[in-house]
Structure formats: C-alpha cells, structure tokens
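# Remarks on the overall topology
The residues making up each chain are set out below.
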Amino acid sequence: MDLLGKSVLDLKQLISKKEISADELFKYFHKRIINHDQKLKAFITVLNYEKNNNDGELSGIPISLKDNYSTKKIRTTASAKVLDNYIPPYNATVTQKLLDAGICLQGKTNMDAWAHGSSTETSDYGATRNPWDINRAPGGSSGGAAAAVSAYLSPAAIGSETAGSIRLPAAWSGVIGLKPTYGRVSRYGVIAMGSSFDCPGPITLTVEDAALILKVIAGHDKYDATTSPIAVDDYQTEIKKPRQHMSIGIADEYFEGLEDSLKQKISDSIKVLEKLGHKIKKISLIPPKYAISVYTILQRAEVSSNLSRYDGIRYANDRTYFGAEAKRRIMLGTYTLSYGYYDAFYKKAQKVRTLIIEDFNRAFKDVDVIVAPTTPITALKLGEFEKYPFFGEVMDILNEPAAVAGIPAISIPAGLDKNNLPVGLQIMGKHFDEKTILNLAYQFEKETDFFGVIKRGVKNYE
Amino acid sequence: MKKTELTKEEIIHLAKLAGLNLTAEEIVKYQQQFSETLDYINNLNELNTESVKPTSQTVDLSNVCFEDGEQNKRQLSINEVLTNTSSKTADNFKVNRIQ
C-alpha cells in the first residue's frame, strides 16, 4: 500500500477499516526513520513498536514528541548534555493524553538545547538538517519535529513554542505549525523554558490533523495552574463551518524588511483570502521590534530561574554541562533580575507587554484575525546563526508579538521563494479563538492545496 | 547612544550568582555580546509606560488553587524520586557539607 504523504486522518481510516495494523504502520515509519534520519538528524531517540491498547481519537497513529516532553522511562534530554542521562519517572500531561488517545510513540525529536534557539543548531547532539536543503537549518527550536513531518518520518509531531519555536520551523520546513493560546495546552512535564510563554502544539501535514491533535491535547489540567477552564472547542467541526465574511487585519509593521520573493508569495496569498470572500483591512500595530526586547528580557529572566534547578543533585548532570547559549541566557537573565536593574529591565518589559496585549485587543475589536508572514526570510544556511548573539530573535521578529501576548497563531505554507524554499504565512487570532484561525487556514488549504508545497516536500523523500 | 558596558568583575559576579564557571575567553565574549543585547533592548525606553500596569500573566486567570482534600494522584514515590540521582543514602539525597 502506498502510504507516502497520507494524513493522520487518512491513516486513522485505514486502521479503523483494518486495511493496515498499528504494528505495520509503525514499522513503515520506523523504516523511513532508519533510511533518512542519518542524513536529517531529526531524532534523538528512536523507539521500537509498543502496542497501545487504548482506544481513542489517535488509535495506532505513530507520533513523535519533541525531546522536552517528559516520557516515563524514556530518556528525555531537551537536547542538552545536562540531561544526557535523565529518565523521567512520569509522563507530561501532553504525553499522557496522546497515549490515552492511542498513539504509538515513535521517538523523541531534536531541538535547540533547552529550546534556546531558532535553528536547532544549538542542540548538544548536533544540528538537524532542513529536508528541503540539507545545507540549511530547518528552523527551531522544534526543528526535529518539523523536519520529521516534512520528510514524512512522522505523520505528525508535537513541538513546543515559547516565541516562534513551532511556527518558524514549520514555515522553513514547509509544513503546518500551530501555537495555541497560552494556557490552552498543559505545560506539566514539559521541560520549562519561558514559563509565561511556553505552549505545546502540533506540527502536521493538514489543517484538519492540527485540529484533531489540538482537541486531544488541549484542556484544563489541575497540575498546571496556568491552564484555562474555558471549554475546548470541537475544532474538526468548527473548521468546516462556512465562514465567508471574515475581517482580516494586515499591519504594515509586519511587512518591513522582507525578502522580495517571499513578500510576493505573501501578497499572492492575501489575494487568495480576498477571493475567498474575506475583507482585508489595514490596521496598525506596535512595531514588532519592541516585542523582541520584551521577549529577550522576560525570557532570559525566566530561563535563569527555570535552569537554576539543575544542581546535579537530584537528577541530571551538574552546571558545568551547560552549553554556550544556555550560559549566555542564564547570565543575561540573572543581570536583568538583579537588584538595581529589575525596574529598568524586567518591570519595564512587563509594562510594554501590557501595551502589546492591549494593542492586539484593540485590533481584534475591528478584525477577526491578523495575517502576516511567519518569517522575514526563508531557511538560512547552517552556521549563519552563530554569528549573532540574538539572531534567533531577529528571525522570530514576526512571531514574538503573538508569543508575548499569549494569543494563538498558525503558520501554513504559502508557496516557494526564488530559491525553491518554503514560505510561511501566519494567521493570528484572539485568545482561545483557535477555531477561527484553523477555519481560515482550512479554507486556504482547500483553495490552494498550499500550492503543492507539502506534497512536494514529502515527495523528495520517496 | 550611550553604550552599556559591563565590567569583567560584573560578569564574574553574575557567573558566581548563577552558579556557572566561565573561561577567560567566555568572560570577554559575554562582555561584548551583553553590550550589544543591552543596547538593543534599550529601545523600550522609547515607549511611555508611566501609567501602565505590568503584566503578570496573559490570559486573566486569578486565584487558582488545588481543592481542599484533593488527592495528588501524580505524586511520585520516594523510589521514583531517587531514580535519577547518583548520590543517595537510604531515602535521602546525599549532598556535600556546606562550606
């Protein structure tokens, strides 16, 4: 049976009709990992088939998890040598929910160490390669997850985003990446990076798969006090509702400094949205460069606090194992939180964060969603990142405002640039309004088939 | 604009606070990189935040508590807690004496 490129939903049907067994399906993907991953290095840990007797929404579906999700009795490193020998004694809530829904865990995917980065090059286990061009970065920090889906080593993967870590690798690797609202999906058992930002989310080949997986992993969790009690929507039903007259906001501030051929693809995509019967409305937002500063201050502060727990006593290696990027971030966070600088940096940043949230709230009074490019340029060559101390933030400039405000956003393919590299379009929505951004993404997918980007990406790995 | 520069001593002090050992090379590198980063983030001062309240969390939750008497079903056993340590004695972590 030719399974190449089949969505999670397609695979689900094959399993329920008993046309393929969970075991056979797992082996198909396992073989693909063996064949292609020496080159791509998307996986840190590859697992063998283990039968999952749970009958749920994802019965028998092979799925990979980013290596910052705790997996009981399965090594979890966050791609950091500090955690080289760490075997979690419990499952993250997301891991448990997926297992309860019937998945067969394929393995753990590579990432920037501690998720500190936008290219997956800071992994202590070596960089993941972009399936579209192995001399380029897949983006990060969920680079292993995006590469695995792009080359069809996993039919879907779970990534995590603090500011861009799902959307950027999804854009650069030519797949779909959904960052839910902060608090929509539990962070319990996810190795903490920036606790006021972190959002688990799916990376998939179709919008409906993203809707399906979000439904499985979303919801209140009493073990994560920041999860919301707001009811989870039935996203699969919601995306199919005909919604024609959406008001779509476009802000010039998000179109500065874009590479020309990328800009062209985004303009073409906006025309598609118009053709679908939606209304484009010019809006003005706070320039994203301020979100970079807010993010840099707050995230470093949260990193210095979160990574202080690694004392080498209770588990994991001691602090001499930290890599360069983690040390740099811990140091800067320690500085901005220290006596005498707290007001000037941390408190100031939290105030500007309020301005950014209010700015989005104001915009969402006039528009249903905001559309922008996901990144200013397409995938960079490996090694480009090292030259700058916070180059990742500059690559993530268009992702950081939504992360700072905690609103949901999805990155979807919008064609290829002049170098034949995938371009990502993002749709941002109101807090807890994942259904609307997914609905619009689904309409766009039906209209354009993402210009064949996803199919072409998978075909490269036949 | 005025360049923000940290002295070598400040970098060494920060490293001590953060429990990190830095090489001489790293100290010089961080001095230069911090200066670059701090100069960038100073752009926040272009925005007036005089009457703005700082954000503490983004989605308006308040007073989140565990219900009284609720069981913590995910509590780990002592054995589970000790599985990853390299230094223990009976049911305890074993650490060096504070100097």
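A quick note: this is a predicted structure, and the numbers were derived from the prediction, not measured. (Residues numbered from 1 in each chain as written. Chains lettered and ligands numbered in written order. Predicted model: local features only at pLDDT ≥ 70, side-chain atom pairs only at ≥ 80, totals over all residues. Heavy atoms only, no water.)

### Observations regarding the overall build of chain A
A count of helical and extended segments in chain A gives 15 helices and eleven strands. Relative to its length of 462 residues, chain A is compact, with a C-alpha radius of gyration of 20 Å against a globular reference of 23 Å. By its C-alpha atoms, chain A is 65 × 60 × 45 Å across when sized along the principal axes. For chain A, the proportion of its 462 residues judged to be buried stands at 69%. (Helix = DSSP H or I, 4+ residues; strand = E, 2+ residues; numbered from the N terminus. Rg over C-alpha atoms; globule rule 2.2 N^0.38 Å. Buried < 20%, exposed > 50% of the residue type's maximum accessible area, 1.4 Å probe, protein only.)

### Some words on the interface of chain A and chain B
Interface size is often expressed as the accessible area that is lost when the parts come together. Of the residues lining the interface, 62 residues belong to chain A; the matching set on chain B comes to 51 residues. Of the roughly 4800 Å² buried where chain A meets chain B, counting both sides, 65% is carbon and sulfur surface. Contact with chain B buries surface across chain A, with Tyr223, Met331 and Lys348 of chain A losing the most and accounting together for 14% of the total. Where chain A meets chain B, there are three salt bridges. Salt-bridge contacts for glutamate 70 of chain B lead to lysine 222 of chain A; the nearest nitrogen and oxygen are separated by 2.7 Å. If you list the elements that add at least two residues to the side of chain A that touches chain B, you get α3 (93-100), α9 (288-306), α10 (324-337), α11 (343-366) and α13 (400-405) of chain A. The element contributing the most residues to the side of chain A that touches chain B is α11 of chain A, with eleven residues. Partitioned by chemical class, the residues of the side of chain A that touches chain B number 34 nonpolar, 16 polar and twelve charged. (Contact = heavy atoms within 4.5 Å. Buried area = accessible area lost by both parts, 1.4 Å probe. Salt bridge = Lys/Arg side-chain N within 4 Å of Asp/Glu carboxyl O. Nonpolar A, V, L, I, M, F, W, Y, C, P; charged D, E, K, R; others polar.)

### Quick notes on the packing of aromatic side chains
Throughout the structure, instances matching the rule amount to 19 aromatic pairs over all chains. Here tyrosine 28 of chain A and phenylalanine 29 of chain A contribute two aromatic rings whose centre-to-centre distance is 5.1 Å and whose plane-to-plane angle is 85°, an arrangement assigned as edge-to-face. A residue is classified by how much of its surface remains accessible, and tyrosine 28 of chain A, at 21% relative accessible area, is partly exposed. Ring centres of phenylalanine 444 of chain A and phenylalanine 450 of chain A lie 6.2 Å apart, and the angle between their planes is 40°; on these two criteria the pair is classed as tilted. Comparing phenylalanine 444 of chain A with phenylalanine 450 of chain A, the two get one shared label, buried. Three or more aromatic residues link up through ring pairs in this structure, and these residues are Tyr86, Trp114, Tyr310, Tyr315 and Phe322 of chain A. Note that arginine 353 of chain A overlies the ring of phenylalanine 197 of chain A, its terminal NZ or CZ placed 4.4 Å from the centroid. The ring of tyrosine 223 of chain A has arginine 74 of chain B lying over it, and the distance from NZ or CZ to the ring centre is 5.0 Å. (Phe/Tyr/Trp six-rings, centres within 6.5 Å; stacked < 30°, edge-to-face > 60°. Lys NZ or Arg CZ within 6 Å of the ring centre and 35° of its normal.)

### Here's the deal with the sheet that holds strand β10 (residues 409-416) of chain A
Residue and element names in this part refer to chain A. With mixed pairing, eleven strands are arranged side by side in an open sheet as β1-β3-β2-β4-β6-β5-β10-β11-β9-β7-β8. Each edge of the open sheet is held by one strand with a lone partner, namely β1 (43-46) and β8 (279-283). Within this sheet the neighbouring strands show an average axis-to-axis angle of 30°, counted without direction. Across two bridges, strand β5 (residues 176-179) lies against strand β6 (residues 199-204) in antiparallel orientation. Note on β6: the bridge partner recorded for glycine 177 is isoleucine 203. Here helix α6 (residues 207-217) sits on the sheet in contact with β2 (62-66), β4 (156-161), β5 and β6, set at roughly 150° to β6. (Pairing = 2+ DSSP bridges. Axes fitted to C-alpha atoms, helices over the stretch in contact; angles between N-to-C directions.)

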